[in-house]
Amino acid sequence: MNANRQWMYNRLKDGLLNTEFLNGLEEFIQFASTHPECMDGMNIRCPCSMRRCSNRKFLCVDDVRYHVMKNGFVPNYYRWTAHGECWDDQGTSSVLLSEIIMENDFQTGANGRYHEMVLEGFGLPSQIEFMEAPNVEAQRLYEMLQAASEELWPGCNKHIKLSVVARLMNMKPEHHFSIKCFDQIVEFVKEVPPEDNVLPDNFYKTKNLIEGLGLPVEKINCCRNNCMIYWSGDAELQECKFCQLPRYKRTVSSLTKQVVQKPYKKMYYFPLTPRLQRLYASDATTPHMRWHAEHEYEEGVMHHPSDSPAWKHFNACYPLFGSEIRNVMLGLSTNEFQPFGQSGQQYSSWPIILTPYNLPPWLCMKSEYMFLTVIVPSPNNSKFKIDIFLQPLIEELKQLWNMGVETYDVDKKQNFLMRVALLWTISDFPAYAMLSGWSTAGRLACPYCMDNTNAFTLPRGGKQCWFDNHRKFLNHNHSWRKNKSWFRKNKVVTEHAPLVRTGEEILHEIESLGLMRVTDPGSDVVNAVISKTCGWRKHSIFWDLPYWSSLLIRHNLDVMHIEKNFFDNLFNTIMNIEGKTKDNAKAREDMREICRWPELEINAETGRYPKAIYALDKPAKQVICEWMKGLRFPDGYVSNMARCVDMNKYRLFGMKSHDCHIFMQRLLPIAFRELLPMRVWEAITELSIFCKQLMSTILREEDMQRLEEDIPVILCKLERIFPPGFFDLMEHLPIHLAYEARIGGPVQYRWMYPYER
C-alpha cells in the first residue's frame, strides 16, 4: 500500500474537510487530466464511493471534485489504475495486480476463495507486472476485478461484494426463488448493515454484476422457418424477407400484465475475440499458446497439427501470418444435440464449437479450451441452412483475419496484433454435407472421388454400392487390376485413382455452376435445379473466408464414426445377426449377377444359399459371447462390455463408439483367430492393424504413405470375401483416411470424440 496516500481516506477532520485531503484531491485531478487515454473527451472517471460511479462513470472535473468531497474515494484505490497510473513512465516501473485488489485484510478464507474464483474465471494470474500499457479491454478487465473485491461497507471484514452476490444468486435456483421474492430478500438484507453499504437492492442489479464477470453473448432473433436471422442490415425488419412470417408474437407479461412482443425463435452467439484475448491475459496459458512454434520438431514426424503439411502449407501461403507465432489457428466442430431426447420431445440443437490449435497436445482438446460459439435452435434439423446461423461467426473470423485485434500478452508484457485463421472443420458425415455443401448421399457421396466414382446401385438391394471401387487405387502394374473372376466378372481396371482437387479448382467449379449462398434471395430454387446434375447443393459460407480455397484440408472425414460403422457391419455380418448382417438373400442374388462365385450362389433345387466361409455357426457365436462376458479391463479403458452381450441371441448391443474403437483395434484379431479361415482372418487382422497405426498419437509421413498403399490391398482382399452388398460408403471412405492423416496430422485432433464427450 502506498503510504503517502493515506490522505485519501482521511477526508474529515473535526467535522470539516481535511486540508491534506483537499490538496491531494487537486493533485489527483491534475494527474487524471494528463492521461487522455483514460478519458472520455474532457471527462474523467469519477472515483467516488457511490455505486453508480466507482471508476465506471465519466464526469466533468468539477462534478468529480464535488462527488469525491461528498462521498470520498472508492475503497482501496491507492493505485490510480483507472486514471493511467499503470502506464505512468515517471512513476513506478511495474504495478502488481495483487497490490491493487488484494490489499484488504479480509482477502483470506472464504472471501479469498471467491476472489480466486474471479481470477480463475477471467483466466488471470494473481500477479501481473505491466511493462507496456495494456489495451482498453484488458484495462476494463482489471477494473472489474477491482470492483469485485470491494468491501460491503468500510470496516466490513467478513464478506466482499462478490461473495454476497454469488451466494444470493446460488440460493435463487436452489430454493426456487421468484424474482419478486429475490427482490424482497435483498431489499431487506440491504437495510440491515450501515447505510453506506454497496449491496445491490434488486435482482436486475445483481444479475448485471454477475454478467460482468462472464463473457458477452448476443441474442439474435431468427425466422421460424430458418430462412434468415435478424442481424446486421436486417436487424430492424419486422417480418422475414423470404417467407413473410412475422418476427414477433404478442403475449401478455405475467408481471406487468401488458402486451409485449417476443420473438418466435432466437439464436445465441458468443463472440470469439474476448475468449482468445483471455488466453493471452493469463500467465498460465500464454506460454502454451506459443508451444506449436517453439516445441522440438523432428522432420517427418507429426505430434500435433502444427507439424502437418496442411499447417506448413498455410504458413507458406501467408508468411505474414506465420511470422507471428501468437496468431491463432482454429478448428470448428458441430454435431446435432437433442437436449430433451430422454423425455421423448424432438428438439434438435446444433452447437458450434471452436478449438485453438496453438495449445500443446495435453491441453489442446480439453473441454476448458473448447469454445461454444453458436447455438443453433430448431425443432428440426437445419440441414443445408446452417450457413444462415454461421453468419456472425464468419464475419468475426473475416475481421480477425483482415484487421486482427489488439491483444495484451501478459508473458511478454506487451501488446500485439492477433490474427486468427480457421484451419478446418470436424463433423460426422451428415454434418459434412451441411458445412461443405457437397451432398453425402447417393452415388456421388464420396467427397474425394466426386464424379470419378465407380459406385453403382444394387439391382436387388436397391442401395448404393462401392464394391470393386478400390482396384483403381492399386499400383498400375498390380495383377489384380486384370483379374476377371475375383471381383466384378469380366471387368479389367485400367484407370487411375482420382486426384485430390485443390480448393481453387473446387471454388471455380462452384462459381461456374452458378450455385448461390443460402443467404441470397432465390437460392432455394436455383440451387435445387443445379443440384440435380451434380453433387453440390449450395455455395458454402466458408468460401467467404479469404484463405479458405488455399487450405489443403477444409473438411475432415470423421474417423470415429467411420470406424464404428465399419466395425458394426463387419461384426454383425460375421456373427450373422438377423436384420443387421449384410449377407442376405438379396445380397446373394446381387452377387450372382455381379460376381463369379458359384460356391455362394443359391441352390436352384433347394432354394437355399450355402453358408459363407466368413459366417460363424451357433457354437462359434456362443464361444465369442462367453469369451466377451469374461473380459475384464482396467478402469477407464473401456466400458463394461459384458453388459453388451446378449446370450439368448448371441449378439452385441448398446456398444458405444469407444467400445467399437477398442474392439476393432485390440480384440478383433484375437476373437476370430481360431474361428475363421486363414485368408479371412488375415484380411480382418490387416484392417485392425491399419486402424491402430492410423490412430497413433505420433505419425510418421513415410508410415502414412505406406498405409496409403496398404489400404487398397486390404479392401480388395475384403472384396474377395464379402458380397457386394457389404460395401457401402463407410467401407469405402477408409481409402482416403491415410491421405488425410498424412496431410493433417494425428487424427486425435480431427475426430469427434472430444466434442461428443
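Preceding this paragraph is the structure being described.
Undergrad: Run through the overall build of the protein chain, naming residues and quoting values.
TA: Within the protein chain, the secondary structure is distributed over 27 helices and 21 strands. In the protein chain, once contacts between residues fewer than 6 apart in sequence are set aside, the share between residues at least 24 apart is 66%. For the protein chain, the exposed area adds up to about 35400 Å²; of that, 51% sits on carbon and sulfur atoms.

Undergrad: Describe the pairing of strand β11 (residues 348-356), with residues and values.
TA: In terms of residue burial, β11 counts as a mostly covered element, since 8 of its 9 residues are buried. When strand β10 (residues 328-334) meets β11, the two strands line up antiparallel, connected through 5 bridges. The residue of β11 that forms the bridge with Leu-330 is Pro-356. Note: β11 against strand β12 (residues 371-378), 7 bridges, orientation antiparallel. Note on β12: the bridge partner recorded for Ser-349 is Pro-377.

Undergrad: Before we move on, could you go through helix α17 (residues 503-513) and cite the residues and values that matter?
TA: Within an α-helix, residues lying three or four positions from one another point in the same direction, as the helix has 3.6 residues per turn. Of all the residues in α17, the buried ones are Gly-503, Ile-506, Leu-507, Glu-509 and Ile-510. Angular distribution of buried residues about the axis of α17 spans 160°; they occupy a single face of the element. Residues of α17 that are exposed and point over 90 degrees away from its buried face: His-508, Glu-511 and Ser-512. Once α17 finishes, Gly-514 follows within two positions and takes phi at roughly 85°, a positive value.

Undergrad: An account of the pairing of strand β15 (residues 420-426) is requested, with residue identities and associated values reported.
TA: Within β15, 7 of the 7 residues are buried, which leaves it mostly tucked inside the rest of the structure. Pairing of β10 with β15, which is carried by 6 bridges, proceeds in the parallel orientation. From the neighbouring strand, Leu-330 faces β15, where its bridge partner is Leu-422. Pairing analysis gives 2 bridges linking β15 to strand β18 (residues 555-556), with the strands arranged parallel.

Undergrad: Help me get a handle on the side chain of His-292, residues and values and all.
TA: With respect to the element layout, His-292 can be found in helix α10 (residues 291-294). In this structure His-292 touches His-304, Ser-306, Trp-311, Ile-325, Asn-327, Tyr-357 and Asn-358, once residues within four positions along its chain are discounted.

Undergrad: So what's going on with helix α18 (residues 523-530)? Which residues, and what values?
TA: Ser-523, Asn-527 and Ile-530 are the residues of α18 that are buried. The buried residues of α18 occupy an angular sector of 60° when the element is viewed end-on, so they sit on one face. In this structure, α18 carries Asp-524, Val-525 and Val-529 as exposed residues pointing more than 90 degrees from its buried face. Looking at the buried side of α18, the elements it contacts are α17.

Undergrad: Please give an account of the sheet that holds β11 that cites residues and values.
TA: As summarised here, the arrangement of the 7 strands in space is β5-β8-β12-β11-β10-β15-β18, forming an open sheet in which the pairing is mixed. Only two strands of the sheet have a single partner each, and these edge strands are β5 (218-222) and β18. Here 2 bridges tie strand β8 (residues 265-269) to β12, and the two strands are oriented antiparallel to one another. Residue pairing in the sheet places Tyr-268 in a bridge with Ile-375 of β12. Those strands touched by helix α15 (residues 391-402) are β5, β8, β10, β11, β12 and β15, and its axis lies near 140° from that of β15.

Undergrad: Before we move on, could you go through the packing of aromatic side chains and cite the residues and values that matter?
TA: Geometry of an aromatic ring pair is reported as the spacing of the ring centres plus the angle between the planes. Following the criterion strictly, the structure yields 36 aromatic pairs and no others. For the ring pair Tyr-9 and Tyr-78, a centre distance of 5.2 Å and an interplane angle of 65° mean the geometry is edge-to-face. Of the two residues, Tyr-9 sits in the segment before β1 (12-13) while Tyr-78 sits in the loop between α2 (61-71) and α3 (97-101), which places them 69 residues apart along the sequence. Judged by relative accessible area, Tyr-9 falls into the partly exposed class, the value being 29%. The exposure class of Tyr-78 is buried, given its relative accessible area of 9%. Taken together, a centroid distance of 5.1 Å and an interplanar angle of 75° make the contact between Tyr-280 and Phe-416 edge-to-face. With Tyr-280 in the loop between α9 (273-279) and α10 and Phe-416 in strand β14 (residues 414-418), the pair connects residues that are 136 residues apart, well separated along the chain. The pair formed by Tyr-280 and Phe-416 is uniform in burial state, with each residue classed as buried. In textbook terms, an aromatic cluster arises when at least three aromatic residues are bridged by ring pairs, as seen for Phe-467, Phe-566, Trp-597, Tyr-614, Phe-722, Phe-726 and Phe-727. Above the face of the Phe-456 ring, Arg-488 is positioned so that its terminal group lies 4.2 Å from the ring centre. The ring centre of Trp-486 lies 3.5 Å from the NZ or CZ of Arg-720, which sits over that ring.

Undergrad: Which residues make up the environment of Ile-352, and what values do they have?
TA: In this structure, Ile-352 sits in strand β11. You can call Ile-352 buried: its relative accessible area is 0%. Sequence-distant contacts of Ile-352, that is, excluding residues within four places in its chain, are made with Leu-332, Ser-333, Thr-334, Phe-371, Leu-372, Thr-373, Val-374, Val-376, Ile-386, Leu-390 and Leu-393.

Undergrad: Tell me what's going on with the environment of Trp-424, and back it up with residues and numbers.
TA: Looking at where Trp-424 falls in the secondary structure, it is placed in strand β15. As a C-alpha pair, Trp-424 and Leu-552 span 128 residues in sequence and 9.1 Å in three-dimensional space. Only 3.0 Å separates the side chain of Trp-424 from the side chain of Tyr-357, close enough to count as a polar contact.

Undergrad: Let's hear about a nonpolar patch on the surface: which residues, and what values?
TA: On the surface, Ile-185, Phe-188, Val-189 and Val-192 cluster together into a nonpolar patch covering about 360 Å² of accessible area. Owing to a relative accessible area of 30%, Ile-185 belongs among the partly exposed residues under this scheme.

Undergrad: An account of the pattern of salt bridges is needed here, citing residue identities and associated values.
TA: Oppositely charged side chains may form a pair once their charged atoms are brought near each other. Throughout the structure, instances matching the rule amount to 26 salt bridges. Of the charged contacts in the structure, one is a salt bridge between Arg-326 and Asp-409, with a shortest N-O distance of 2.9 Å. Taken as a pair, Arg-326 in the loop between α12 (319-323) and β10 and Asp-409 in strand β13 (residues 405-409) lie far apart in primary sequence, 83 residues in all. Looking at Arg-326, the relative accessible area reads 6%, which means it is buried. Put simply, Arg-290, Glu-294, Glu-324, Arg-326, Asp-409 and Asp-411 are held in one network by salt bridges that share partners.

About the criteria used
Residues numbered from 1 in each chain as written. Predicted model: local features only at pLDDT ≥ 70, side-chain atom pairs only at ≥ 80, totals over all residues. Heavy atoms only, no water. Helix = DSSP H or I, 4+ residues; strand = E, 2+ residues; numbered from the N terminus. Contact = heavy atoms within 4.5 Å. Areas by Shrake-Rupley, 256 points an atom, 1.4 Å probe, with all protein chains shown as cover. Buried < 20%, exposed > 50% of the residue type's maximum accessible area, 1.4 Å probe, protein only. Pairing = 2+ DSSP bridges. Arc of directions from axis to C-beta. Axes fitted to C-alpha atoms, helices over the stretch in contact; angles between N-to-C directions. Phe/Tyr/Trp six-rings, centres within 6.5 Å; stacked < 30°, edge-to-face > 60°. Lys NZ or Arg CZ within 6 Å of the ring centre and 35° of its normal. Polar contact = N/O pair within 3.5 Å; in protein donor to acceptor, adjacent residues only side chain to side chain. Patch = residues over 30% accessible without salt bridge, like charges linked within 9 Å, V, L, I, M, F, W, Y side chains within 5 Å. Salt bridge = Lys/Arg side-chain N within 4 Å of Asp/Glu carboxyl O.

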